[in-house]
Amino acid sequence: MIEEYNPWWISKDRIKELEVYRKYEESEVKWFPDVIEKVSLSPYSLNFFLALDK
């Protein structure tokens, strides 16, 4: 059931099935927040991101 909403849990390639992903891939402008580059990805780092949803 949850795989219906999160198809990438089954396979990384299944994310391409999502309409929002296809729209993003087709868009000319792609935006990445600045904070992404500031986040530590070293082992055992714990990061929380909070964002408004639509």
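In this text the structure is predicted, and so the values were computed from the model without any measurement.

The next subject is the environment of S40. Position of S40 among the secondary structure elements: in the segment after α3 (35-38). Judged by its relative accessible area of 35%, S40 is partly exposed. Residues within four places of S40 in sequence aside, it is in contact with S45 and N47.

Counted by the stated rule, this structure contains two salt bridges. Across the pair R14 and E17 runs a salt bridge whose closest N-O atoms are separated by 3.0 Å. In this structure, the salt-bridge partner of E19 is K23, at a minimum N-O distance of 3.3 Å. Taken together, the residues span about one helical turn, with E19 and K23 both in helix α2 (residues 19-26) at a distance of four residues. You can call K23 exposed: its relative accessible area is 52%.

About the criteria used
- Residues numbered from 1 in each chain as written.
- Predicted model: local features only at pLDDT ≥ 70, side-chain atom pairs only at ≥ 80, totals over all residues.
- Heavy atoms only, no water.
- Helix = DSSP H or I, 4+ residues; strand = E, 2+ residues; numbered from the N terminus.
- Buried < 20%, exposed > 50% of the residue type's maximum accessible area, 1.4 Å probe, protein only.
- Contact = heavy atoms within 4.5 Å.
- Salt bridge = Lys/Arg side-chain N within 4 Å of Asp/Glu carboxyl O.

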